[in-house]
Amino acid sequence: MASTLLSPDCSTSATTARHLIPLTRKLLCPTTRLVSFERSLSSPWTPSLCLSPSVSKYRTAVSAADSSSMTTTATTANIIDGKLISKQIKDEVSAEVVRLKEATGVVPGLAVILVGSRKDSQTYVRNKKKACEAVGIKSYEANLPEDCTEADVLRHIEEFNKDPEVHGILVQLPLPRHMNEERILTGVSIEKDVDGFHPLNIGRLAMQGRDPLFVPCTPKGCIELLHRYNIDIKEKRAVVIGRSNIVGMPAALLLQKANATVSMVHSYTKFPEEITRQADIVISAAGVANLVRGDWLKPGAVVIDVGINPVDDADSPRGYRLVGDVNFEEASKVASYITPVPGGVGPMTIAMLLSNTLLSAKRIHNF
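What counts and what doesn't
- As a convention, each chain's residues are numbered from 1 in the sequence order in which they are written.
- A pLDDT threshold of at least 70 governs which residues receive local features in this predicted model, and a stricter bar of 80 or more applies before side-chain atom pairs are shown or counted, although totals over entire chains, interfaces and linings include all residues.
- Only heavy atoms go into the side-chain values, all of them from the structure, while hydrogens and water stay out.
- Only DSSP runs of H or I covering at least 4 residues are called helices, and only runs of E covering at least 2 are called strands; the numbering of each starts at the N terminus.
- Here, expected helix span is obtained from the residue count minus one, scaled by 1.5 Å.
- Burial classification: accessible surface area is computed with a 1.4 Å probe over protein chains only, and a residue below 20% of its type maximum counts as buried, one above 50% as exposed, and the rest as partly exposed.
- Throughout this description, the term nonpolar core refers to a set of buried Ala, Val, Leu, Ile, Met, Phe, Trp, Tyr and Cys residues connected via side-chain atoms within 4.5 Å.
- DSSP bridges decide pairing: two strands pair if at least two such bridges lie between them.
- Throughout, right-handed denotes a crossover for which the path from the first strand over the helix to the second runs clockwise when the strands point away from the viewer.
- Between N-to-C directions, angles cover 0 to 180 degrees, with each direction set by a line fitted to C-alpha atoms, over the stretch in contact for helices.
- Here, residues are in contact when the closest pair of their heavy atoms is within 4.5 Å.
- One number per residue, pLDDT, summarises how confident the predictor is, and it ranges from 0 to 100.

An ideal rise of 1.5 Å per residue puts 27 Å on 19 residues; helix H12 (residues 346-364) measures up with 28 Å between its terminal C-alpha atoms. Counting buried residues along H12, 15 of its 19 residues qualify, which places the element largely inside the surrounding structure. After H12 finishes, the residue Asn-366 shows a positive phi value of roughly 50°.

Of all hydrophobic cores here, the largest spans 77 residues; its most connected members are Ile-113, Val-153, Leu-226, Leu-255 and Ile-283. The leading source of residues in this core is H12, at nine residues. Judged by nonpolar contacts, the second largest core, of 18 residues, contains Ala-77, Ala-286, Val-303 and Val-326.

Right, let's talk about the pairing of strand S7 (residues 237-241) for a bit. Within S7, four of the five residues are buried, which leaves the element mostly enclosed by the surrounding structure. Across five bridges, S7 lies against strand S8 (residues 261-265) in parallel orientation. Bridge pairing in S8 places Val-240 opposite Met-264. Between the parallel elements S7 and S8, the chain passes through helix H9 (residues 248-257) in a crossover that is right-handed.

A few words on the sheet that holds strand S9 (residues 281-284). With parallel pairing, the six strands of this open sheet are ordered in space as S3-S13-S10-S9-S7-S8. If you trace the sheet from one side to the other, it starts and ends with strand S3 (78-79) and S8, each paired once.

The next thing to look at is the pairing of strand S5 (residues 138-144). One face of the sheet, then the other: side chains in a regular strand alternate in exactly this way. As paired strands, strand S4 (residues 109-115) and S5 are joined by seven bridges and run parallel to one another. Residue pairing for S5: Ile-113 is matched across the bridge by Ala-142. Where the polypeptide runs from S4 across helix H4 (residues 119-135) and back to S5, its parallel neighbour, the crossover connection is right-handed.

Backbone torsion omega between Leu-173 and Pro-174 reads 0°, so that peptide bond is classified as cis. Note on placement: Pro-174 falls in the loop between strand S6 (168-171) and helix H6 (181-186). In the segment running from Val-341 into Pro-342, the intervening peptide bond is cis, with an omega of -5°. Backbone geometry at Asn-230 places phi at a positive 60°, although glycine is not the residue there. Within the secondary structure, Asn-230 is located in the loop between helix H8 (217-228) and S7. Using a relative accessible area of 35% as the deciding quantity, one classes Asn-230 as partly exposed. In this model, Phe-271 sits at a positive phi of 50°, which is unusual for a non-glycine residue. Take Phe-271: it is sitting in the loop between S8 and helix H10 (272-276).

Right, let's get into the packing of helix H7 (residues 199-206) against H9. The N-to-C vectors of H7 and H9 enclose an angle of 35°; their axes lie 9 Å apart at closest approach. Here Ile-202, Arg-204, Leu-205 and Ala-206 of H7 come into contact with H9, specifically with Met-249, Pro-250, Leu-253, Leu-254 and Lys-257.

Let's shift gears to the environment of Val-135. In this structure, Val-135 sits in helix H4. For the pair Val-135 and Val-98, spaced 37 residues apart in the sequence, the C-alpha separation amounts to 8.9 Å. Here Val-135 is in contact with Lys-90, Val-93, Ser-94, Val-97 and Leu-354, once residues within four sequence places are set aside.

Here the focus is the confidence of the model for the chain. Caution applies to low-pLDDT parts of the model: their predicted coordinates are not meant to be read in detail. Within the chain, residue pLDDT values average 84, and 80% of them lie at 70 or more. The low-confidence segment residues 1-73 (pLDDT under 50) makes 226 contacts with residues lying over four places distant or belonging to another chain.

In structure tokens, the structure reads:
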């Protein structure tokens, strides 16, 4: 999935919200006790963020918060372990892939189209390929040069659209600047749009009484973490920070489908800390390091931190370390549950991609 940042133009009925993965799963309760339960799939449902100059308002807010005193009690939030949950999901996907193959002879297939030679994109594609191999999903690749044309990309997409062994197609973002991202993403068959970015899938997600075939993977992972930790969404106040097409906007739509009352905070929001402080659930996808401070949070709030931001660190061998949008040290003294960075939302994105690919294969073959 693409790396995006906060900008002005970027950023379930409850039953539907819970139908994220058509598998037997284990629910991690607040007591950390694992409880097995079944979820049937009656309706289908699924990326770090990009920075624009408009985030200067946020940086000002962060600087002001740095000088403010904290008055919260020294309690420690429960950690929402994305690594643990993603492993559970991968195990479930792997078992279901075996069951599908034994019953029908079908093996789910995921095709990834990579344009150019960006190191980060190459790393993402390599990790997706490894994850597919680990759960028994076939992986297909199309590696195209930076200077290829849109027609070249669309031709490969069409080949994968027609290939019966390919059940999911992912175009690695970002694309080179000379390409029209919307045109290319629209070229992916909606039935194989496991990234959930096709306009029809997003449109269905936004409409009452409609369900997309697929939900963008990172927002889907955020909601899945809440479900797996038995955190209620219905009737809660939720704030989403950042309004990107990849994370913020679909996350807000998923929360609404789960019957939360949702507010969105973005680069033109006045007094974002006051709005955020009202939330029972905060999902931050702004791409601004340590934006959300402890005094932005309501005591007992649940915090899902999507941000992955490098900050200078002379003690690190790489010269930097990764932090989230949320100041973890401060927030963990106020929140009831919180995701770490790294190890929180990040591992869930690929897990949801695998889940979507399996869902696609089962739907196509009526399994």
